[in-house]
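Residues per chain, in single letters:
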Amino acid sequence: VKDGDCVLSHYAGWASLRSADAIQVVAVDGVDYILTANEGDDKEYGDYEEKWKAAELLAADGTVGMSGATVDSDVLAAFIAQNDAGANSKRRLTVGSAAVDYSNPSAPFVKALVGFGGRSISIYRPGDSGLQLVWDSGSSLEKEQCAAYPWAHNGVQDEEFSLVHGVLYNSSSSSMQETLEEMNDPDEDGCADRGDGQPGPCPLGETVDDRSPKDGAGPEAIVTGVACGRLLAVTATEKQGTAFVYDITDVASPQLLFVRHLSPASQGLSPGLAYESRELGEIDPECMLFVDADSSPSGTAGVLFGGAWSGTMSLWEFECPSATPAPTPAPTPTAPTPAATPAPTPAPTPAAPMLNFQTSTASSSGPVDFTLKSRVYVPYGAGEGFGYGMGAVEQFAYDPVEKYAYTVSEQGYVNVVDFVDPATPTVMAASLSIDLAGKKLTDVAVCAAQGLLFVAHGADDKTSPGAVRMYSTVQRSSPTQAPAFDKEFTVGALPDMISPNQDCTMLAVANEGEGDMDSNNTLVDPVGSVTIIRNPTADAPDVWTVSFDALGSDAELMASGVHLPLPLGAL
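How each quantity is defined
Residues numbered from 1 in each chain as written. Predicted model: local features only at pLDDT ≥ 70, side-chain atom pairs only at ≥ 80, totals over all residues. Heavy atoms only, no water. Buried < 20%, exposed > 50% of the residue type's maximum accessible area, 1.4 Å probe, protein only. Helix = DSSP H or I, 4+ residues; strand = E, 2+ residues; numbered from the N terminus. Pairing = 2+ DSSP bridges. Phe/Tyr/Trp six-rings, centres within 6.5 Å; stacked < 30°, edge-to-face > 60°. Lys NZ or Arg CZ within 6 Å of the ring centre and 35° of its normal. Arc of directions from axis to C-beta. Contact = heavy atoms within 4.5 Å.

Asker: So what's going on with the pairing of strand E33 (residues 506–511)? Residues and values would help.
Answerer: Residues Leu507, Val509 and Asn511 of E33 are buried on one face, while the alternating residues Met506, Ala508 and Ala510, pointing to the opposite face, are not. As paired elements, strand E32 (residues 495–500) and E33 share five bridges and run antiparallel to each other. Counted as the bridge partner of Pro495 is Asn511 from E33. The loop that links E32 with its antiparallel partner E33 comprises five residues; one of these, Cys504, has a positive phi angle of about 65°. In this sheet, strand E36 (residues 529–534) lies alongside E33 in antiparallel orientation, the contact comprising six bridges. Following the sheet pairing, Val509 is matched in E36 by Thr531.

Shown next as structure tokens:
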């Protein structure tokens with residue numbers, strides 16, 4: 001509902017896809033749990049868009065906007081009832097397989113009303129029959145965000161809020177320039193006051209509820225770690241930049257500890273202005289890293305946030321109670337109470353660097369505050385070039401041994417940030433940057449003990465196999481020596497994440513395999529895959545790419561409940 005207020009409404013017959021954008025695995029007392037940030041996203045392939053406005057998909061007389069399509073009578077009745085109850089006509093619906101049956105491609109059948117994003121974080125436990133939901137935050141992200149920062153409630157800030165004739169505008173295509181002009185025009189989507197009395201892009205505080213019909217408070221990253229003797233989970237919303245800290249020591253009953261806005265200046269300043277005055281915080285916190293006390297640049301547990309569009313990195317720290325209580329003694333074991341569901345079998349100690357928290361060692365009370373320590377503005381070019389909306393910190397990796405961070409820019413550069421003084425991190429000289437201009441950089445990872453840096457990038461056409469490049473890291477003992485290139489590994493299409501194991505003898509690379517239209521306007525849709533690289537430092541490393549084809553056909557996947565944004569004959 002878009003009403004400019006914090007009123008949340010539920011409508012019968014409405015469901016939404018959790019659509020996890022990030023996954024974190026943690027072991028508690030030897031049992032594995034999977035945490036997800038349920039942002040919700042849609043796909044586009046040429047003229048095909050998975051996301052439809054409700055009013056364009058359905059009409060009260062049963063007319064369906066998709067050619068040849070019909071709608072289930074109960075779904076239509078629910079749609080009409082939602083409209084009568086005040087649901088926004090622009091609420092977004094998927095036309096993927098969770099909502100539409102394409103068994104007969106010429107006669108699609110709308111079987112459900114499904115929106116995007118769970119607007120929540122979830123905790124699952126893997127079992128023999130699949131994932132079992134242990135806990136979900138429900139509506140608490142929206143409720144708590146609105147209670148703490150009502151001016152940010154389901155608002156939006158992204159690259160389209162850049163200033164006309166700014167860096168992004170001057171480097172964009174004519175179609176993007178047209179979009180930016182509309183976002184700067186008060187008679188279109190702009191505001192009469194961008195924050196300095198002049199017309200331009202709206203500040204976040206003037207966009208309340210704009211995302212409510214779409215994905216609301218969509219969290220796009222989640223991390224876990226230990227601070228002050230407690231197991232914590234931290235997430236942040238993409239469009240609003242609001243961070244949430246949960247105590248998950250009792251994994252079945254997490255408690256919200258803190259809500260913090262990463263960019264308070266956005267209440268009254270459009271992002272371009274706030275960037276120019278160096279008041280802007282993280283916009284689109286795509287990447288987050290929990291640093292415990294041993295690996296933190298300051299020696300205090302905290303979280304590193306990276307803002308993709310803001311081009312910023314910040315360090316936030318936890319404050320522990322002045323006198324940390326002694327650990328709570330473990331309870332004396334007693335005979336278990338019979339339960340309908342058998343207790344999970346403890347997982348073996350993992351080889352990967354996965355946190356294994358023992359609740360018997362937990363402190364009785366956790367952190368009392370979560371505050372900003374420092375922030376640094378990162379260039380989008382090789383050591384130079386600053387501007388909002390340029391994707392300067394799409395991803396980052398941190399070396400806790402040498403205390404350098406590596407940021408990935410959408411413009412094809414890797415920059416180095418020195419965190420040896422955590423209060424004033426600094427961008428290192430351009431001579432240390434990695435210049436891959438023109439490449440679509442997607443991720444970066446560090447093996448600190450081995451002094452290795454890995455950078456992933458897609459192919460020029462996005463649908464061909466991508467690559468992971470291996471470099472040496474910058475060493476504190478020779479801080480002017482740039483990362484040295486070693487070798488390149490061919491991986492699957494559009495490698496989107498690199499995950500090394502604990503001793504860096506194995507790398508897992510998640511290859512997104514995103515589709516695209518070729519020059520003949522024909523869909524080229526590579527299959528998603530995972531590439532495993534064994535012994536990357538060897539002269540002849542082993543490289544395997546495992547295709548998701550093995551999971552089954554579209555029909556088999558849909559039968560098992562998998563949502564496909566482009567199923568069967570949808571295009």
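Asker: How would you sum up unusual backbone geometry? Please name residues and give values.
Answerer: A positive phi angle is found at Asp29, which is not glycine, with a value near 55°. In this fold, Asp29 is placed in the loop between strand E2 (22–28) and strand E3 (31–38). The exposure class of Asp29 is partly exposed, given its relative accessible area of 36%. In this structure, Cys228 takes a positive phi of about 55° despite not being glycine. Mapped onto the fold, Cys228 is located in the loop between strand E14 (219–227) and strand E15 (230–237). On the basis of relative accessible area, Cys228 is assigned to the buried category, the value being 10%.

Asker: Hey, could you go over the packing of aromatic side chains for me, with residue numbers and the actual values?
Answerer: The final tally for this structure, using the stated rule, is eleven aromatic pairs. Relative to Phe485, the ring of Tyr471 lies with its centre 5.5 Å away and its plane at 65°, an arrangement referred to as edge-to-face. Of the two residues, Tyr471 sits in strand E30 (residues 465–472) while Phe485 sits in strand E31 (residues 485–493), which places them 14 residues apart along the sequence. Tyr471 sits in the buried class, given a relative accessible area of 4%. On the basis of relative accessible area, Phe485 is assigned to the partly exposed category, the value being 43%. Aromatic ring contacts, followed pair by pair, group Phe290, Phe305, Trp316, Phe318 and Phe370 into a single cluster. The ring of Tyr377 is capped by Arg278, whose NZ or CZ atom sits 4.5 Å from the centre of that ring.

Asker: Which residues make up helix H5 (residues 174–184), and what are the values?
Answerer: Among the residues making up H5, those that are buried are Met176, Leu180, Met183 and Asn184. With its buried residues spanning 95° around the axis, H5 presents them on a single face. Where H5 is buried, its residues meet helix H4 (167–170).

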